[in-house]
Amino acid sequence: MKVLSTVYVTEHRAKVGFRRGSLTVTRESGATRIPMEGIDSLILLGRAQVTSDALAGCAERGIRVASLRRNGSLRFVCGGPMGGNVHLRTAQHAVAANEDQSLDLARRFVAAKLRNSSTVVDRWARDASGTLASTLRRRAKLIRERLSRIASARDGDHLRGIEGDAARLHFACVGQALAESPLRFVSRTRRPPRDPVNAALSYCYGLLSTELIGGLDAVGLDYQVGFLHRARSGRPSLALDLAEEFRPVCDRFVVTLVRRRQLGPGDFERVPGGAVYLNDVGRPRLLERWEEHREHSFRHAVLERSIDRWALPTVQATLLARHLRGDLPVYAPFILS
């Protein structure tokens, strides 16, 4: 299905081809022709296939192609020629190799995550009452206390320890926010997700990563060379760095879907071994809500103006590029206001 400027191929046996300037999606129920004008990304979900002609056509038009596994993790991403210039990427690599500069940027990513986490938990507390509201407010305060420790982090490992401690507090709050919902949440499990809420969280994190890869690629940054997440073969480390700022927003999105009964037990399947994934009904339902979410405006606390959610990955990639080039003295992360 085509939603705004993104084409999602959700059927496992679907095949994406190319003919006369259009994508063709062939599946058991028939074929669909999708003109390529106005498309900026093609996301293959599960085991959908794509031909080399379709890949070439997308690359020529700057359309990003990404494939996600059932749990939302990234299988591959490809696009056209890299944008920007080699001097920007040289500066990025130099900062990544400098321990002090790299740690400074990593602190900013983690600080934004903890700040946004405490804001989201405070909002859940306002929606609650009694003991639950008090507990959520107390845990939001504990997250802010971890935020105050970031400046004294000695190295990346110390910083990741602070982040992990705050994440445990945050996910405890996710479980409490869903205490009265049909889908319960106990703890974060990833490989594989062990319950519906974890399955939805992992899926949204995967969608977010593809957006951030696109934003970084558009401004010419190397999305595999990060500062908090160190470079590892095949890992989009810089996209994962920027994702830290947005994870609390993703968590709030999933909690809202579950609370509103827009996702329920019937949208998931359990496979042998205990893994839980979105099923053929749940995937399109989540994607429709995801695109609605991307149309919402968020006030950027640092830039002091509202920005559409779909534009935020490119905005943050641009701010990071300007800092690495020396145009901005510091990188300004995305902070919820």
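Scroll up to find the structure this text is about.
Read on for a plain summary of the structure. (Residues numbered from 1 in each chain as written. Predicted model: local features only at pLDDT ≥ 70, side-chain atom pairs only at ≥ 80, totals over all residues. Heavy atoms only, no water.)

Here we look at the overall build of the protein chain
Then, number 1: Helices and strands together make up the secondary structure of the protein chain, namely nine helices and 13 strands.
Then, number 2: Here the C-alpha atoms of the protein chain give a radius of gyration of 20 Å, agreeing with the 20 Å that 2.2 N^0.38 yields for 337 residues.
Then, number 3: Based on the C-alpha atoms only, the size of the protein chain along its principal axes is roughly 55 × 50 × 40 Å.
Then, number 4: For the protein chain, contacts bridging at least 24 residues in sequence account for 60% of all contacts bridging at least 6.
Then, number 5: For the protein chain, the exposed area adds up to about 15,400 Å²; of that, 48% sits on carbon and sulfur atoms. (Helix = DSSP H or I, 4+ residues; strand = E, 2+ residues; numbered from the N terminus. Rg over C-alpha atoms; globule rule 2.2 N^0.38 Å. Contact = heavy atoms within 4.5 Å. Areas by Shrake-Rupley, 256 points an atom, 1.4 Å probe, with all protein chains shown as cover.)

A closer look at the sheet that holds strand 7 (residues 49-50)
Then, number 1: Taken in spatial order, the four strands line up as 5-4-3-7 in an open sheet, and their pairing is mixed. Of all the strands in the sheet, the pair left with one neighbour each is strand 5 (30-35) and strand 7.
Then, number 2: Pairing of strand 4 (residues 22-27) with strand 5 involves six bridges; the strand directions are antiparallel. Bridging from a neighbouring strand, L23 pairs with I34 of strand 5.
Then, number 3: Sitting on the sheet, helix 1 (residues 52-60) is in contact with strand 3 (15-19), strand 4 and strand 7, with an inclination near 65° to strand 3. (Pairing = 2+ DSSP bridges. Axes fitted to C-alpha atoms, helices over the stretch in contact; angles between N-to-C directions.)

Some points on helix 5 (residues 156-177)
Then, number 1: For helix 5, spanning 22 residues, the distance from its first C-alpha to its last is 31 Å, which sits close to the expected 32 Å at 1.5 Å a residue.
Then, number 2: Backbone nitrogen of D157 and a side-chain oxygen of the N-cap are separated by 3.2 Å at the start of helix 5; the cap is D155. (Expected span 1.5 Å × (residues − 1). Polar contact = N/O pair within 3.5 Å; in protein donor to acceptor, adjacent residues only side chain to side chain.)

Some details on the side chain of R146
Then, number 1: One can find R146 in helix 4 (residues 130-147).
Then, number 2: Those residues in contact with R146 that sit more than four places away from it in its chain are L114, I162, D165, A166 and L169.

Looking at the packing of helix 6 (residues 196-219) against helix 7 (residues 237-259)
Then, number 1: Across the interface, helix 6 lies against helix 7 with an axial gap of 9 Å and an inter-helix angle of 135°. In terms of orientation, helix 6 lies oblique with respect to helix 7. As helix 6 packs across helix 7, the resulting crossing turns out to be right-handed. Judged by residue contacts, V197, A200, L201, C204, Y205, L208, S209, L212, I213 and L216 of helix 6 engage L238, A239, L240, L242, A243, F246, R247, C250, D251, F253 and V254 from helix 7. (Parallel < 35°, antiparallel > 145°, perpendicular 65-115°, else oblique. Left-handed = near helix turned anticlockwise from the far one by under 90°.)

Description of the environment of V249
Then, number 1: Position of V249 among the secondary structure elements: in helix 7.
Then, number 2: Put simply, V249 and K113 are 136 residues apart on the chain and 9.5 Å apart in space, counted from C-alpha to C-alpha.
Then, number 3: Non-local contacts of V249, meaning those with residues more than four positions away in its chain, are made with H293, F298, F334 and L336.

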